[in-house]
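Geometric and topological summary
One-letter residues, chain by chain:
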Amino acid sequence: MARKVYVSVLLKVDTEGNKRPYRIKFEDDPVYQDLVFHIDKVIDIRRAASTKVGGTGIRYTVRIDGKQSYLFEDDDKWFIEAKDC
């Protein structure tokens, strides 16, 4: 089971306007509050839907601590598919 969790994202934007996220911070989530994760690598960027929690936007396939995850940008808001505890 998964849920949508909005996160703060630090990113780099190049002169062409391309975005590369490099850090994710959980702020308002009671389980992960104030945790910061560094993105090791951006693997893929494409328009896609979240099949687990709903919503569409730009899906960034990223690697964090050796594990692949999806990070979504939807109307200037960022979210991830977090596991329910």
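A few points on the structure. (Residues numbered from 1 in each chain as written. Predicted model: local features only at pLDDT ≥ 70, side-chain atom pairs only at ≥ 80, totals over all residues. Heavy atoms only, no water.)

1. A short note on the nonpolar core
In this structure, V7, I24, F26, I39, L71 and I80 are the most contacted members of the largest nonpolar core, which totals 15 residues. The set of elements that each furnish at least two residues to this core consists of strand 1 (2-13), strand 2 (19-26), strand 5 (56-64) and strand 7 (77-83). Apart from residues lying up to four places away in sequence, I80 is in contact with R3, K4, V5, V7, F26, Y70 and L71. (Core = buried A, V, L, I, M, F, W, Y, C linked by side-chain atoms within 4.5 Å. Buried < 20%, exposed > 50% of the residue type's maximum accessible area, 1.4 Å probe, protein only. Helix = DSSP H or I, 4+ residues; strand = E, 2+ residues; numbered from the N terminus. Contact = heavy atoms within 4.5 Å.)

2. Topic: the layout of surface pockets
Of the pockets and cavities examined, the largest pocket occupies roughly 640 Å³. Taken together, 19 residues form the lining of the largest pocket, with Q68, S69, I80, E81 and K83 sitting closest to its centre. Listed by contribution, the elements that provide at least two residues to the lining of the largest pocket are strand 2, strand 5, strand 6 (67-74) and strand 7. Here the element with the most residues in the lining of the largest pocket is strand 6; it accounts for 5 residues. Here the residues of the lining of the largest pocket sort into 12 nonpolar, 2 polar and 5 charged. (1 Å grid on protein atoms, 1.4 Å probe; cavity = no way out; pocket = protein on both sides within 12 Å on 5 of 7 lines; lining within 4 Å. Points joined across faces, edges and corners; volume = space filled by probe spheres on them. Nonpolar A, V, L, I, M, F, W, Y, C, P; charged D, E, K, R; others polar.)

3. Digging into the pairing of strand 5
Sheet topology note: the strand 4 (residues 41-49)/strand 5 ladder contains 8 bridges and is antiparallel. Counted as the bridge partner of R47 is I58 from strand 5. Pairing between strand 5 and strand 6: 7 bridges, direction antiparallel. The residue of strand 6 that forms the bridge with V62 is S69. Hairpin connection, strand 5 to strand 6: the antiparallel pair is bridged by 2 residues, and D65 has positive phi, about 50 degrees. (Pairing = 2+ DSSP bridges.)

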